[in-house]
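# Summary of the model geometry
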Amino acid sequence: MDRISQLSDDLLIKILSLVETRDAVAMSIWSKRWKSLWTLVPRLIFGDYPEEREDEDETPKTNENHCINLSQFVYGTLLLHKAPVLECFHLNRASGCSASEIDLWVRIAVDRFVRDLTIGFCYEYGLIRLPSRLFRCETLETLELKKVIFLEVPSQISFQSLKTLRLLFVKYADEESFVRLVSNSPVLEDLVVETCHDDNVATFTINVPSLESFSIRNTLQDLETENDLFVVHYHCLKQFTIVDYFGQLNLIGNMPKLVEANLLSVSCQAKVLQSFTRVKRLSLCLPIEYPYPTGTVLSQLVSLELCLCESDWTNILTSVLQHSPKLQVLKLAMNHLMCEDHKVCWIQPNSVPECLLYHLKTLEWRDYAGTEVEKEVAVYILKNARRLETATIYPDSDKLVQKHQMFEELEIASRKSRACELTMWLSLYQRFKSC
């Protein structure tokens with residue numbers, strides 16, 4: 001501790017900025033010199049989200065006591081805090097805090113030129129009444145709201161510096177409130193919207209010319225959100241992510257700058273793949289009823305990551321390979337559990353896809369179980385990928401004997417192929433063999 005105390009105040013303050021505020025305050029008892037340093041830390045972080053820190057054995061009474069203690073601690077901290085600029089103010093477990101309390105704390109944060117603001121409820125939804133001056137805060141760069149209920153959103157909003165906005169399971173006053181929140185940020189680059197039941201919005205309109213990254217999520221798995229509609233204007237969008245979303249999409253404009261797209265558990269209503277013809281990196285986890293759109297050529301695709309949790313993953317793989325002439329990197333993985341009654345079959349393409357003949361350089365296969373279908377697919381790729389440079393297989397078995405058997409089968413099956421880099425497979429097998 002004596003060596004740490006010899007560090008400069010600026011460096012010690014940076015160290016304290018890396019931990020939660022409660023821990024930073026607790027560390028002040030280590031040394032007299034540390035006693036007031038925490039009051040100069042420009043980052044105030046109160047509580048973690050429950051999924052990160054919550055004890056499974058917590059009782060309602062424990063939660064209630066935590067909320068009371070949190071309110072008292074936030075009040076006490078803000079009274080003693082002296083940093084002229086507040087870079088970060090996170091209130092991550094606000095359950096039990098009143099709307100008036102949050103209003104006051106946000107006012108103080110705005111007065112300290114806050115740049116990064118987070119308000120999140122965890123046990124239940126909470127009402128918030130944010131001060132009107134927040135919506136005109138010129139220093140705010142990042143805003144995250146989780147499980148909040150807006151009492152009101154002012155008609156005049158101007159987030160001149162806001163670049164990142166995360167609206168997670170938020171309930172709005174009306175559709176116009178949502179539009180005002182996302183449309184009055186002239187430099188907004190990153191937007192995440194997680195929908196929820198009874199959010200008072202049927203149509204989410206996204207029309208932000210500066211937006212580069214946009215994510216739609218519904219990780220709460222609310223079936224009531226199937227009738228949601230997102231109207232998205234592309235403009236300068238470079239990254240587009242859809243996760244567990246089963247509503248509708250209306251995509252307006254082309255996407256000449258789109259680089260990366262992630263379609264993970266998407267409704268067949270959301271017919272978006274045909275809009276990604278110029279995307280370069282693509283991640284897919286599509287439901288069995290989601291057919292590959294006829295005639296869609298992914299002319300610029302160089303990297304594909306495909307989830308194998310659905311029984312028709314071989315059909316999706318074949319379709320993408322046949323329609324991605326420039327594909328260089330192929331990653332396969334079982335990111336979700338597959339139903340036991342799913343039967344997978346493999347129908348070999350009538351002709352070898354162009355990407356295998358001329359461009360595929362990297363194959364990575366995680367959770368490889370060595371089933372007959374998986375072996376057929378792996379051997380087909382190894383035999384026909386003439387430009388393959390690296391191929392890495394990660395067996396899902398912990399048994400060394402099974403691992404050896406899987407690699408022997410692939411090695412023998414692809415030995416006759418002049419296109420397969422046999423030296424890579426032999427060295428990889430030998431590494432496993434020597435374990």
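Residues numbered from 1 in each chain as written. Predicted model: local features only at pLDDT ≥ 70, side-chain atom pairs only at ≥ 80, totals over all residues. Heavy atoms only, no water.

### Structural notes on empty space enclosed by the protein
Evaluated as defined, the whole model comprises two cavities of 30 Å³ or more. Within this model, the largest cavity holds a volume of roughly 60 Å³. In this structure, the largest cavity is lined by Leu284, Cys285, Leu286, Leu306, Cys307, Cys309, Glu310, Asp312, Trp313 and Ile316. The set of elements that each furnish at least two residues to the lining of the largest cavity consists of strand 15 (281–285), strand 16 (303–307) and helix 8 (313–322). Class assignment of the residues belonging to the lining of the largest cavity gives a composition of eight nonpolar, no polar and two charged. Quantified by volume, the second largest cavity comes out at close to 30 Å³. In terms of lining, the second largest cavity is formed by Val19, Thr21, Ala24, Trp38, Val41, Arg43 and Leu44. Where the lining of the second largest cavity is concerned, the elements lending two or more residues are helix 3 (21–26) and strand 1 (43–46). Considering only residue class, the lining of the second largest cavity consists of five nonpolar, one polar and one charged. (1 Å grid on protein atoms, 1.4 Å probe; cavity = no way out; pocket = protein on both sides within 12 Å on 5 of 7 lines; lining within 4 Å. Points joined across faces, edges and corners; volume = space filled by probe spheres on them. Helix = DSSP H or I, 4+ residues; strand = E, 2+ residues; numbered from the N terminus. Nonpolar A, V, L, I, M, F, W, Y, C, P; charged D, E, K, R; others polar.)

### So, the pairing of strand 19 (residues 390–395)
Side-chain alternation along strand 19 places Ala391, Ile393 and Pro395 on a buried face and Thr390, Thr392 and Tyr394 on a face that remains uncovered. Here strand 18 (residues 362–368) runs beside strand 19; their pairing, made up of six bridges, is parallel. Each bridged residue has a counterpart across the sheet, and for Tyr368 the counterpart in strand 19 is Pro395. Note on the crossover from strand 18 through helix 10 (residues 372–384) to strand 19: the handedness is right-handed. (Buried < 20%, exposed > 50% of the residue type's maximum accessible area, 1.4 Å probe, protein only. Pairing = 2+ DSSP bridges. Right-handed = clockwise from strand over helix to strand, strands pointing away.)

### Side note on the packing of aromatic side chains
If you walk through the whole model with that rule in mind, you get 15 aromatic pairs. A centroid spacing of 5.5 Å and a plane angle of 85 degrees characterise the contact between Phe230 and Tyr245, whose relative ring orientation is edge-to-face. Residue Phe230 is found in strand 11 (residues 229–233), and its partner Tyr245 is found in strand 12 (residues 239–245); the two are separated by 15 residues along the sequence. Taken together, a centroid distance of 5.1 Å and an interplanar angle of 85 degrees make the contact between Trp365 and Tyr368 edge-to-face. Like Trp365, the residue Tyr368 is buried in the burial classification. Site record: aromatic cluster; members linked through ring pairs are Phe150, Tyr172, Phe178, Phe204, Phe214, Phe230, Phe240, Tyr245 and Phe276. It is Lys171 that lies over the ring of Tyr125; its NZ or CZ is 4.3 Å from the centre. (Phe/Tyr/Trp six-rings, centres within 6.5 Å; stacked < 30°, edge-to-face > 60°. Lys NZ or Arg CZ within 6 Å of the ring centre and 35° of its normal.)

### Thoughts on helix 6 (residues 99–111)
The terminal C-alpha atoms of helix 6, which comprises 13 residues, lie 18 Å apart, in line with the 18 Å expected from a rise of 1.5 Å per residue. Backbone geometry just downstream of helix 6 places Phe113 in the positive-phi region, at approximately 60 degrees. (Expected span 1.5 Å × (residues − 1).)

### A short note on the sheet that holds strand 13 (residues 248–252)
Across the sheet, three strands lie side by side as 9-11-13; this open sheet has parallel pairing. Looking at strand neighbours, the two that pair on one side only are strand 9 (203–206) and strand 13, the edges of this open sheet. Along the sheet, successive strands turn relative to each other by an average axial angle of 15 degrees, direction set aside. Across five bridges, strand 11 lies against strand 13 in parallel orientation. From the neighbouring strand, His233 faces strand 13, where its bridge partner is Ile252. (Axes fitted to C-alpha atoms, helices over the stretch in contact; angles between N-to-C directions.)

### Thoughts on the pairing of strand 16
Of all five residues making up strand 16, four are buried, and the element is well covered by its neighbours. Here strand 16 runs beside strand 17 (residues 329–333); their pairing, made up of five bridges, is parallel. Within strand 17, the residue paired with Ser303 across the bridge is Val329. As for the winding sense of the linkage, the β-α-β connection from strand 16 through helix 8 to strand 17 is right-handed.

### Details of the nonpolar core
In terms of nonpolar packing, the biggest core is built from 108 residues, with Phe89, Ile102, Phe150 and Phe214 touching the most fellow members. Among the elements that take part in this core, helix 10 stands out by supplying seven residues, more than any other. In contact with Phe150, not counting residues within four places along its chain, are Ile128, Leu130, Phe135, Leu145, Val170, Lys171, Tyr172, Ala173 and Leu181. (Core = buried A, V, L, I, M, F, W, Y, C linked by side-chain atoms within 4.5 Å. Contact = heavy atoms within 4.5 Å.)

### What about the packing of helix 8 against helix 10?
In a pair of packed helices, the angle between the axes and the distance between the axes together describe the arrangement. Running from amino to carboxyl end, helix 8 crosses helix 10 at an angle of 10 degrees, the nearest separation of the two axes being 12 Å. Classed by the angle they form, the pair helix 8 and helix 10 counts as roughly parallel. Within the contact between the two elements, helix 8 uses Trp313, Thr314 and Leu317 and helix 10 uses Val373, Glu374 and Val377. (Parallel < 35°, antiparallel > 145°, perpendicular 65-115°, else oblique.)

### Concerning the side chain of Asn384
Relative to the elements of secondary structure, Asn384 occurs in helix 10. Among the polar contacts made by the side chain of Asn384, one reaches the main-chain carbonyl oxygen of Tyr380 at a distance of 2.7 Å. (Polar contact = N/O pair within 3.5 Å; in protein donor to acceptor, adjacent residues only side chain to side chain.)

### Some thoughts on helix 7 (residues 175–183)
Looking only at helix 7, the buried set comprises Ser177, Phe178, Arg180, Leu181 and Val182. Tucked inside the fold, the buried residues of helix 7 contact strand 6 (148–150), strand 7 (164–168), strand 8 (190–194) and strand 9. Taking the backbone nitrogen of Glu176 as reference, a side-chain oxygen 3.2 Å away marks Asp174 as the first, capping residue of helix 7.

### Digging into the confidence of the model for the protein chain
If pLDDT is low for a region, its predicted coordinates should not be looked at in detail. Averaged over the protein chain, the pLDDT score is 82; the fraction of residues at 70 or greater is 81%. Segment residues 49–65: pLDDT under 50, and 17 contacts once partners within four positions in sequence are set aside and those in other chains are kept. Per-residue pLDDT stays below 50 along residues 422–435; that stretch engages in 25 contacts with residues further than four places along the chain or on separate chains. (pLDDT = per-residue confidence, 0-100.)

### Here we look at the side chain of Glu374
Tracing the chain through its elements places Glu374 in helix 10. In this structure the side chain of Glu374 is engaged in a polar contact, spanning 2.9 Å, whose partner is the backbone nitrogen of Gly370. The contact partners of Glu374, leaving out residues within four places of it in the chain, are Trp313, Trp365, Asp367, Tyr368 and Ala369.

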